[in-house]
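So you can see what is in the structure, the chains are spelled out below.
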Amino acid sequence: MSFGSMYVGATGVIAHSQGMQVLANNLANVNTIGYRRSELLFGDLISQQMGSGGAQYDSGVFRTSQIGKGVGVSTIRPSFNEGSLENTNAVTDLALSGEGFFGVSDPSMGATGATHYTRAGSFRFNNDAYLVDAAGFRLQGYAYDQETGQWDTAVSDIRLPYEDVIVDGETARVVRSEPVATNSVEVVANLDHSATEVFSSTDNPFFSMLEAYNGSQSNAATPFGDTEPQYSTAMDVFDAEGNSYEMTVYYDPVNPDTLSNAVPGYSYWEYVIAMPGDADGSAAYGTSGAGLAGMGVLTFNSRGALVNQSAFSLDPSASGDPKDLASWVPATFDEEGLPQFNFTFGADGQSTGEVSTIGYDFGVNSQSSSWRSHGTGSAATLGTDADLLPEMADMDRDARVTTSFAQPSFTGYYNQDGYTWGYLNYLSVDEEGILSGHFSNGQTEELYQVGVYKFNSPWGLSRDGHTNFVATEASGGAIEGVAGDRGRGTINQNSLESSNVDMADEFSNMIVTQRGYQANTKVITTADTMLNTLISVKR
């Protein structure tokens, strides 16, 4: 009997010793980022059926008595209660609020996709531009294709799209934003209703500025020499190589007394769109027509509202002088119903790339992308007749539109959609886990979306060191997804999740475990005393 009691006590000592080891490991990891505390559950061992102490019921069923054979550890499982979040200074310190795990890949395994799973989100970019944890495991995410605008459907290693460039003879690693050519510009201005014309033409009053234009002047502030049009506004536009050029829109009113069929009370402003003459990469370089891009006429009613815009562009099939009105035809429209022009950017008469097509918006567009023509084949046939001005068919006026009120001319708004090369300034990660790069050209580009993984039974995961888990049959396979999707938590940048070990609970459990250990050692010593008493009987 005493031997059996000693054995039972020994099982209690072993079990509580293992319990103390679990508590010690929890306390050792009280400051480990993303650590999940372990919970230990005891369970009794097999019971032995006794030969006496049984009974038989009237039904004939026997009840037997059993005596326990001790205690053991039933299971040690992780607790996935969420830990508190700590603020950090690193954008790539990530913390999950809610369910899920980050997926990381051990590069030494040569596997595709996540091989380990963790709540520890302290990641940094290594020398090869991979986003890795302290063990060098690579964070997994969905890449964004800048060309197609689509997210990849399979995860991959998160890696900055760097380039090695030569700077002052040294190789430098940079992350760049590709340039985008200007496709559309918007200019909204007020043109003083009381202003008078600066340029005039007896035969072609709508194109007086074209006659005065001279893009070959190298020492003049404008292509009009010392005499400037009534108003102008300028902005930078970009070609496909990221080179910037100053595009200027010149405005000058047309004297209605020089026109025929002008609507009483209406005012007319001619405009010319021009680039620097030395930036012209076409055959017009070096001529008086260098830099000419587009022109037309704005028509305002007596209240100063824009009621029509006529637009002309150079006929691509024409090979004559750009200042020849016969070379100018009604402009084509872009997808938004805006008139557009073609221009070949260059340097010293040499093209630097493909022809750029730029739509321009003064506040009106044609919903049918067409002109209601009054017989005008080219600008040369217009003459002085206001009734021959091409009209925008199905014209739609924006809330932001050019006007002609009786107040000084000004530009209320301008914008264009091109940009030059940009270099990475900083990164950010939003709640959905989208890693974005912010570049020196003002652009923000989405790079990756961090993957977030769930399991049918996360308690079945197996620890694998470095605060990582691996999937097992008990946990089921990892279910890929992203933050905020189907019960997954959200991601916080500049944050780390603390260990979920509660020191107060652990110390309480330690006291109880210590008492249990002491009680079982007492069982052993008491059983030993009983055994000694039995032996002394023989003496």
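Okay, so let's go over this structure.

1. Looking at the sheet that holds strand S20 (residues 244-254)
Spatially, 6 strands are ordered S19-S20-S21-S22-S23-S24 in an open sheet, and the strand pairing comes out antiparallel. Edge positions in the open sheet fall to strand S19 (231-238) and strand S24 (328-330), since each of these has one partner strand only. Taken pair by pair, the neighbouring strands of this sheet meet at an average axis angle of 25°, ignoring direction.

2. Notes on a negative patch on the surface
Residues Asp 145, Glu 147, Asp 152 and Glu 178 make up a contiguous surface patch of negative charge. Within the secondary structure, Asp 152 sits in the loop between strand S14 (150-151) and strand S15 (156-157). Classification of Asp 152 as partly exposed rests on a relative accessible area of 36%.

3. Focus on the pairing of strand S23 (residues 306-314)
A regular strand places its side chains on the two faces of the sheet in alternate fashion. Within S23, 7 of the 9 residues are buried, which leaves the element mostly enclosed by the surrounding structure. One ladder, built from 6 bridges, connects strand S22 (residues 292-300) with S23; its direction is antiparallel. Its bridge partner being in S23, Met 295 is matched across the sheet by Phe 312. In this structure, the hairpin formed by S22 and S23 is closed by a connection of 5 residues, where Gly 304 is found at a positive phi of approximately 85°.

4. Comments concerning the environment of Leu 435
Take Leu 435: it is sitting in strand S35 (residues 434-439). Classification of Leu 435 as buried rests on a relative accessible area of 3%. For Leu 435 and Asn 29, which are 406 residues apart along the polypeptide, the C-alpha to C-alpha distance reads 30 Å. Beyond its immediate stretch of four places on either side in the chain, Leu 435 contacts Phe 125, Ile 158, Leu 427, Ser 428, Val 429, Glu 445, Glu 446, Leu 447 and Tyr 448.

Calculation rules
Residues numbered from 1 in each chain as written. Predicted model: local features only at pLDDT ≥ 70, side-chain atom pairs only at ≥ 80, totals over all residues. Heavy atoms only, no water. Pairing = 2+ DSSP bridges. Helix = DSSP H or I, 4+ residues; strand = E, 2+ residues; numbered from the N terminus. Axes fitted to C-alpha atoms, helices over the stretch in contact; angles between N-to-C directions. Patch = residues over 30% accessible without salt bridge, like charges linked within 9 Å, V, L, I, M, F, W, Y side chains within 5 Å. Areas by Shrake-Rupley, 256 points an atom, 1.4 Å probe, with all protein chains shown as cover. Salt bridge = Lys/Arg side-chain N within 4 Å of Asp/Glu carboxyl O. Lys, Arg positive; Asp, Glu negative; His and termini not counted. Charge placed at Lys NZ, Arg CZ, Asp CG, Glu CD. Buried < 20%, exposed > 50% of the residue type's maximum accessible area, 1.4 Å probe, protein only. Contact = heavy atoms within 4.5 Å.

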